[in-house]
Amino acid sequence: MLVLSRPAMAIQNLSFLVAALNPPEQLELAVVPVIDGLLLADLVTEFEARFGYQPAGGYGGVVFAFGSIDPLDNFLGISSETFLLGCDCGELGCWPLCCCVRHEGEMTEWTNFSQPHRPDRDYSAFGPFRFEGRQYREAISSLSAQLASSRP
């Protein structure tokens, strides 16, 4: 069973899986956050299934090439809404998972998760996910470098 909620003081490790969306037809890269070695898409799918939400899951990585969102701005929480996941079809607005990114001292926290197309869903028991600030920035820097090196 996947761990869906952690004690308030637990600190997670963040990384990102970057893979082609629906290869070989589409080569655009989709970005999926990985928390302590577990795909965020799997974590939220199990959470939704456990709470009886239908449909449960259907999430995929965010394809930044399809929109006007900068990955660095997005994951640093510079935008008013942070998109962590998009739809498994590749369209961000189709089925996103959003959160609030908060920076407090040397900690970064993902909290207040939402599924904009299902405002009645309660995600208060999902997360929060807390990251040490240096590790968080390194993960995002690594993601930015990986996305930059994959551009033609």
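As the structure is a computational prediction, the values presented were derived from the model and not from experiment.

It is worth spelling out the overall build of the chain at this point. Within the chain one finds three helices and eight strands. Burial analysis of the chain (152 residues in total) assigns 43% to the buried set. Taking all contacts inside the chain whose residues are at least 6 apart in sequence as the whole, residues at least 24 apart take part in 56%. Here the chain displays about 7,600 Å² of accessible surface, and carbon together with sulfur accounts for 55% of that area.

Here the focus is the layout of surface pockets. Taken as a whole, the second largest pocket encloses approximately 150 Å³ of empty space. Taken together, 14 residues make up the lining of the second largest pocket; nearest its centre are Leu 17, Ala 30, Val 32, Gly 60 and Gly 61. Those elements giving two or more residues to the lining of the second largest pocket turn out to be strand 1 (14–20), strand 2 (29–35), helix 1 (40–50) and strand 4 (59–60).

With an omega of -5 degrees, the peptide bond between Gln 54 and Pro 55 qualifies as cis. Among the structural elements, Pro 55 can be located in the loop between helix 1 and strand 4. Residue Pro 128 is reached from Gly 127 by a cis peptide bond, and omega for that bond is 0 degrees. Structurally, the position occupied by Pro 128 is in the loop between strand 7 (107–114) and strand 8 (129–132). Notably, Asn 112 is not glycine yet its phi reads approximately 55 degrees, a positive angle. Within the element layout of this structure, Asn 112 appears in strand 7.

Attention shifts here to the pattern of salt bridges. A complete count under the given rule lists seven salt bridges for this structure. The salt bridge partner of Glu 109 is Arg 102, with a shortest N-O separation of 2.3 Å. When its relative accessible area of 10% is taken as the criterion, Glu 109 is described as buried. One connected set of salt bridges, linked through shared partners, spans Arg 102, Glu 104, Glu 109 and Arg 130.

We now examine the nonpolar core. Core analysis: the biggest nonpolar cluster contains 37 residues, and Leu 40, Phe 75, Trp 110, Phe 113, Phe 126 and Phe 129 have the highest contact counts within it. Within the residue set of this core, elements represented by two or more residues are strand 1, strand 2, helix 1, strand 5 (82–87), strand 6 (97–104), strand 7, strand 8 and helix 3 (133–150).

Another point: the sheet that holds strand 6. Reading across the sheet, the five strands line up as 4-5-6-7-8 and stay open at both edges, with antiparallel pairing between neighbours. If you trace the sheet from one side to the other, it starts and ends with strand 4 and strand 8, each paired once. Contacting strand 6, strand 7 and strand 8, helix 3 runs over the sheet at an angle of about 90 degrees to strand 8.

With that settled, consider the packing of aromatic side chains. Evaluated as defined, the whole model comprises 15 aromatic pairs. Grouping aromatic residues by their ring pairs yields a cluster made of Phe 47, Phe 51, Tyr 53, Phe 113, Tyr 123, Phe 126 and Phe 129.

Next up on the list: the side chain of Thr 108. Mapping Thr 108 onto the fold places it in strand 7. Within the structure, Thr 108 has its side chain in polar contact with the side chain of His 103 (distance 3.0 Å).

Definitions and cut-offs
- Residues numbered from 1 in each chain as written.
- Predicted model: local features only at pLDDT ≥ 70, side-chain atom pairs only at ≥ 80, totals over all residues.
- Heavy atoms only, no water.
- Helix = DSSP H or I, 4+ residues; strand = E, 2+ residues; numbered from the N terminus.
- Buried < 20%, exposed > 50% of the residue type's maximum accessible area, 1.4 Å probe, protein only.
- Contact = heavy atoms within 4.5 Å.
- Areas by Shrake-Rupley, 256 points an atom, 1.4 Å probe, with all protein chains shown as cover.
- 1 Å grid on protein atoms, 1.4 Å probe; cavity = no way out; pocket = protein on both sides within 12 Å on 5 of 7 lines; lining within 4 Å.
- Points joined across faces, edges and corners; volume = space filled by probe spheres on them.
- Salt bridge = Lys/Arg side-chain N within 4 Å of Asp/Glu carboxyl O.
- Core = buried A, V, L, I, M, F, W, Y, C linked by side-chain atoms within 4.5 Å.
- Pairing = 2+ DSSP bridges.
- Axes fitted to C-alpha atoms, helices over the stretch in contact; angles between N-to-C directions.
- Phe/Tyr/Trp six-rings, centres within 6.5 Å; stacked < 30°, edge-to-face > 60°.
- Polar contact = N/O pair within 3.5 Å; in protein donor to acceptor, adjacent residues only side chain to side chain.

Coordinates in, geometry out; function isn't part of it.
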